[in-house]
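# Geometric and topological summary
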Amino acid sequence: MMQLFLSEVPRLGEHALRNNVRVRFLISDAEPLPAAVQAAVTELETASASCTGLLLNVCLSYGGRSDVARACRNLALQVQRGELEPEAIDDALVRRQLLTGDVPDPDVLIRTSGEQRLSNFVMFQLAYAELFFLDKHWPEVTQQDLLDVATAFQNRQRRFGK
C-alpha cells in the first residue's frame, strides 16, 4: 500500500501545482509511516505551500481520537509552561489545536460502502455535520448521488445542537 502511495504522490503533486492547489497531509500518528513516505509528504507539502487556490487535506495515518489526544497534550503543555490558564480551555480552543484547526468544520459527511459509523474519522469536527450514508463504494458514486445528497442537505433544518 505504501509503495502505491509513493508512486501516486508525484502525480498528485503535478496536478496540485498545475491547478494551484495546496496539499496538506493530516497525520495524527507519523510513527508507523516509512521514512520514504514521510519524505514524500514533506516534499509535496513544501512544493505546494505557496498555492493559493483550493486546500486539499489528505488524511494519512490519521485517527480522530489521537488527533484530540494530541490537541489536549498541546494544551496541557501550554498550561504547564504558564502560557494558558486551565479555565481558558473551551471547545473553540481545543478545536484550534486539532490538525484541521485552521479550516471550517465539515457541513456534510458522505459515508460510502453501506457502513453507518464514523470509524474514528474527524469525530470532534463532525459534531454538527449532516451525515449521509450510501450503500455503494466510492468508485460507484455518481454525480446524481452527489446531487441527491446536496438536495437532501438543503432540505434539512440545521440547529447546531439547539
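Per an unreviewed UniProt entry, the protein chain carries the name Alkyl transferase and comes from Symbiodinium pilosum. According to its UniProt record, the protein chain has this under Sequence similarities (unreviewed entry): "Belongs to the UPP synthase family."

### So, the environment of isoleucine 27
Turning to its location among the elements, isoleucine 27 is positioned in the loop between strand 1 (22-26) and helix 2 (35-48). Sequence separation between isoleucine 27 and valine 141 is 114 residues; the distance between their C-alpha atoms is 27 Å. What isoleucine 27 contacts, discounting residues up to four positions off in sequence, is Leu33, Val41, Leu60, Ser61 and Leu99.

### Quick word on the packing of aromatic side chains
This structure, assessed with the given rule, holds 3 aromatic pairs. When the ring of phenylalanine 5 is compared with that of phenylalanine 25, the centres are 6.0 Å apart and the planes differ by 75°; the resulting orientation is edge-to-face. Of the two residues, phenylalanine 5 sits in helix 1 (residues 2-18) while phenylalanine 25 sits in strand 1, which places them 20 residues apart along the sequence. Of the two residues, phenylalanine 5 and phenylalanine 25, neither departs from the other in class, the shared state being buried. Ring geometry for tyrosine 62 versus phenylalanine 121: centroids 6.2 Å apart, planes at 75°, classification edge-to-face. Taken together, the residues span a long stretch of sequence, with tyrosine 62 in the loop between strand 2 (55-59) and helix 3 (64-80) and phenylalanine 121 in the loop between strand 3 (108-111) and strand 4 (130-133) at a distance of 59 residues. Across from the ring centre of phenylalanine 132, 3.9 Å away, lies the NZ or CZ of arginine 156, which sits over that ring.

### Here we look at the pairing of strand 1
Of all 5 residues that make up strand 1, 4 are buried, and the element is covered over most of its length. Here strand 1 runs beside strand 2; their pairing, made up of 5 bridges, is parallel. Its bridge partner being in strand 2, phenylalanine 25 is matched across the sheet by valine 58. Taken together, strand 1, helix 2 and strand 2 form a β-α-β motif whose crossover is left-handed.

### With respect to the side chain of threonine 112
Structurally, threonine 112 is set in the loop between strand 3 and strand 4. By relative accessible area, which is 15% here, threonine 112 ends up buried.

### Looking at the pattern of salt bridges
Per the stated rule, a full pass over the model turns up 10 salt bridges. Between arginine 70 and aspartate 67 there is a salt bridge; the shortest N-O distance is 3.2 Å. Of this pair, arginine 70 and aspartate 67 both sit in helix 3, 3 residues apart, roughly one helical turn. Among the residues examined, aspartate 67 registers a relative accessible area of 0% and is labelled buried. Of the charged contacts, one joins aspartate 145 and lysine 136 as a salt bridge, the two residues approaching to 2.8 Å between their closest N and O atoms. A single network of salt bridges, built from pairs that share partners, joins Asp107, Glu130, Arg156 and Arg158.

What counts and what doesn't
- Every residue gets a number counted from 1 within its own chain, in the order that chain's sequence is written.
- A pLDDT threshold of at least 70 governs which residues receive local features in this predicted model, and a stricter bar of 80 or more applies before side-chain atom pairs are shown or counted, although totals over entire chains, interfaces and linings include all residues.
- Only hydrogens and water are removed before side-chain values are computed, so all heavy atoms of the structure are retained for them.
- UniProt positions are given in the numbering used here, feature names are shortened, and annotations may be inferred rather than shown by experiment.
- Numbering of helices and strands starts at the N terminus; helices are DSSP runs of H or I of at least 4 residues and strands are runs of E of at least 2.
- Two residues qualify as a contact provided that any one of their heavy atoms is within 4.5 Å of a heavy atom in the partner residue.
- Classification of ring pairs uses Phe, Tyr and Trp, with its six-membered ring standing for Trp, and accepts pairs whose centres are within 6.5 Å; under 30 degrees between planes counts as stacked, over 60 as edge-to-face, and the remaining range as tilted.
- The classification of residues rests on relative accessible area computed with a 1.4 Å probe and restricted to protein chains. Under 20% of the type maximum is buried, over 50% is exposed, and intermediate values are partly exposed.
- In this analysis the charged atom, NZ for Lys or CZ for Arg, is taken to sit over a ring once it is within 6 Å of the ring centre and within 35 degrees of the ring normal.
- Strands are labelled as partners when DSSP assigns at least two bridges between them.
- A right-handed crossover is one whose linking path, passing over the helix from the first strand to the second, runs clockwise when the strands point away from the viewer.
- The rule for a salt bridge is simple: a side-chain nitrogen of Lys or Arg has to be within 4 Å of a carboxyl oxygen of Asp or Glu.

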